[in-house]
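Spelled out from the first residue to the last, the chains are:
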Amino acid sequence: MEVTMVRKIALVLAAAVVCAPGTAAAAAAAAEPVPPVMAALGDSISAGFNACGWYVSCTSRSWSAGDHPSVNSHYLRLLGYGQAVKGHNLNFAVPGSTSADLAGQAQKAVAAKAAYVTILIGAQDACTATESRMTPVSTYRARVERALDVLAAAGVKVFVASIPDLKRLWRIGKDNVVARAFWALGHICPAMLTDADSMAKKDQARRDRVRERVEDYNEAMRQACAAYGPGCRSDEGAVFGYPFTLDHISKWDYFHPNADGQRALARTTFPHGFTWQKSPLGRTSEPGPVPPVPDPRALATSGTAALPARG
């Protein structure tokens, strides 16, 4: 009698474990197959601008679709789950792009049969020549929704990352004379970074308003992603809240993420994305370190020069 009762209890407990939400069985059922094609959409950050070269896009270092081991991008992490995506990492991000360009990039991704895309867009909607020229939040939201409509029609899985905190960039670089020089000479993100050494009330108020606009863009993107449904995942502000330092920023412009910054972006965002199915052939090892790139200031003194992009 006691043995029968113990067996019944054991069966009930086993059934509860299998059926309970959050179990390994439930997680496995919710996992997505590794996409056969992935693509990065956005601006210079996703293009890897200045992450390995002198004012050029370095798509290999992109936090999203890059294939360089120093970054361990979303693409390389997907390879850890399965080889279906191997060699099919596309990058349609273009330096200088604003939300106005996103729908066109989405169309290219759909035409290329991308099943998974990442989106990081909006820094250039805020980094305008003057504060008054920043993209209105309603316009930003409408443009994002237009792009998401394109992707939804093709059933694309979407991951959206928040825009980094531009005021934090000002805060960590304002006391660096080289950073201030690059910002001024390159006309980099004037709405936030002009008169970087000024602590006048009007300049502090301007920076606060630009930061607030970025926060509003991030909320608009998060809401648009939620409206997209289960096919979209948001980082829930993880990139905006990341405590980056000048060690994460390219010394070629003191604005874009360097390879370390791109790696931090990948590491910060990927856990907020989809649960992917593991295949037996998936890579499990972390990429090893790579030698550092040359000091850009040394290259500059050797005669190499280029105009800074504003993307």
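Residues numbered from 1 in each chain as written. Predicted model: local features only at pLDDT ≥ 70, side-chain atom pairs only at ≥ 80, totals over all residues. Heavy atoms only, no water.

J.: Is there a simple way to think about the pairing of strand 3 (residues 116-120) in this case?
T.: When a strand is regular, its side chains alternate between the sheet's two faces. The buried fraction of strand 3 amounts to five of the five residues, a majority that puts the element mostly inside the structure. What you see with strand 3 is no split at all: Tyr116, Thr118 and Leu120 on one side and Val117 and Ile119 on the other are buried throughout. Taken together, the five bridges between strand 1 (residues 38-42) and strand 3 define a ladder with parallel strand orientation. Pairing of leucine 41 across the sheet is with isoleucine 119, part of strand 3. When strand 3 meets strand 4 (residues 157-160), the two strands line up parallel, connected through four bridges. Residue pairing for strand 4: threonine 118 is matched across the bridge by phenylalanine 159. (Buried < 20%, exposed > 50% of the residue type's maximum accessible area, 1.4 Å probe, protein only. Helix = DSSP H or I, 4+ residues; strand = E, 2+ residues; numbered from the N terminus. Pairing = 2+ DSSP bridges.)

J.: What is the right way to look at the side chain of histidine 248 in this model?
T.: Assignment of secondary structure puts histidine 248 in the loop between strand 5 (232-234) and helix 11 (259-269). Those residues in contact with histidine 248, other than ones at most four positions away along the chain, are Tyr242, His256, Pro257, Asn258, Asp260, Gly261 and Ala264. (Contact = heavy atoms within 4.5 Å.)

J.: Before we go on, may I ask you to explain the pattern of salt bridges in this structure?
T.: Between side chains of opposite charge, a pair can form when the charged atoms approach closely. One pass over the full model with this rule turns up 11 salt bridges. Lysine 157 is paired through a salt bridge with glutamate 32; the nearest N and O atoms lie 3.8 Å apart. You can see lysine 157 sitting in strand 4 and its partner glutamate 32 sitting in the loop between helix 2 (24-30) and strand 1, a full 125 residues away along the chain. Residue classification places lysine 157 among the partly exposed positions, given a relative accessible area of 22%. As a salt-bridge pair, glutamate 131 and arginine 209 come within 2.4 Å of each other at their nearest N and O atoms. Here the residue glutamate 131 occupies a position in the loop between helix 5 (123-126) and helix 6 (137-153), and arginine 209 occupies one in helix 10 (residues 201-228), the gap between them amounting to 78 residues. Given a relative accessible area of 40%, arginine 209 falls into the partly exposed group. (Salt bridge = Lys/Arg side-chain N within 4 Å of Asp/Glu carboxyl O.)

J.: Can you help me understand the packing of aromatic side chains in this one?
T.: Each aromatic ring pair is specified by the distance between its two centres and by the angle formed by the two planes. Per the stated rule, a full pass over the model turns up nine aromatic pairs. The interplanar angle of 85 degrees and the centroid separation of 6.4 Å between the aromatic rings of tryptophan 54 and tryptophan 252 together place this pair among those described as edge-to-face. Of the two residues, tryptophan 54 sits in the loop between strand 1 and helix 3 (74-79) while tryptophan 252 sits in the loop between strand 5 and helix 11, which places them 198 residues apart along the sequence. A single burial state applies to tryptophan 54 and to tryptophan 252, both of which are buried. Note on tyrosine 81 and phenylalanine 270: the rings are 6.4 Å apart at their centroids and 35 degrees apart in plane angle, and the pair reads as tilted. Of the two residues, tyrosine 81 sits in the loop between helix 3 and strand 2 (89-91) while phenylalanine 270 sits in the loop between helix 11 and helix 12 (296-301), which places them 189 residues apart along the sequence. Overall, tyrosine 81 belongs to the partly exposed group, its relative accessible area being 26%. Three or more aromatic residues joined by ring pairs make a cluster, and in this case those are Phe49, Trp54, Tyr55 and Trp252. Between lysine 174 and the ring centre of tryptophan 170, over which it is positioned, the NZ or CZ distance is 5.7 Å. (Phe/Tyr/Trp six-rings, centres within 6.5 Å; stacked < 30°, edge-to-face > 60°. Lys NZ or Arg CZ within 6 Å of the ring centre and 35° of its normal.)

J.: How should the confidence of the model for the protein be read in this particular structure?
T.: Any residue range with low pLDDT should be treated as having predicted coordinates unsuitable for detailed reading. Averaged over all residues, the pLDDT of the protein is 86; the fraction at 70 or higher stands at 80%. The spread of mean pLDDT over the elements of the protein runs between helix 12, the lowest at 35, and strand 3, the highest at 99. In the model, residues 284-311 has pLDDT below 50 throughout and makes 38 contacts with residues more than four positions away in sequence or in other chains. (pLDDT = per-residue confidence, 0-100.)

J.: Got a minute to help me understand the packing of helix 7 (residues 166-173) against helix 8 (residues 177-185) in this structure?
T.: What describes two packed helices is the angle between their axes and the distance between those same axes. Helix 8 packs onto helix 7 with a crossing angle of 130 degrees between their chain directions and a minimal axis gap of 9 Å. Relative to helix 8, helix 7 is oriented oblique. Seen from helix 7, the contacting residues are Leu169, Trp170 and Gly173; seen from helix 8, they are Ala179, Arg180 and Trp183. Here the residues of the contact of helix 7 with helix 8 sort into four nonpolar, one polar and one charged. (Axes fitted to C-alpha atoms, helices over the stretch in contact; angles between N-to-C directions. Parallel < 35°, antiparallel > 145°, perpendicular 65-115°, else oblique. Nonpolar A, V, L, I, M, F, W, Y, C, P; charged D, E, K, R; others polar.)

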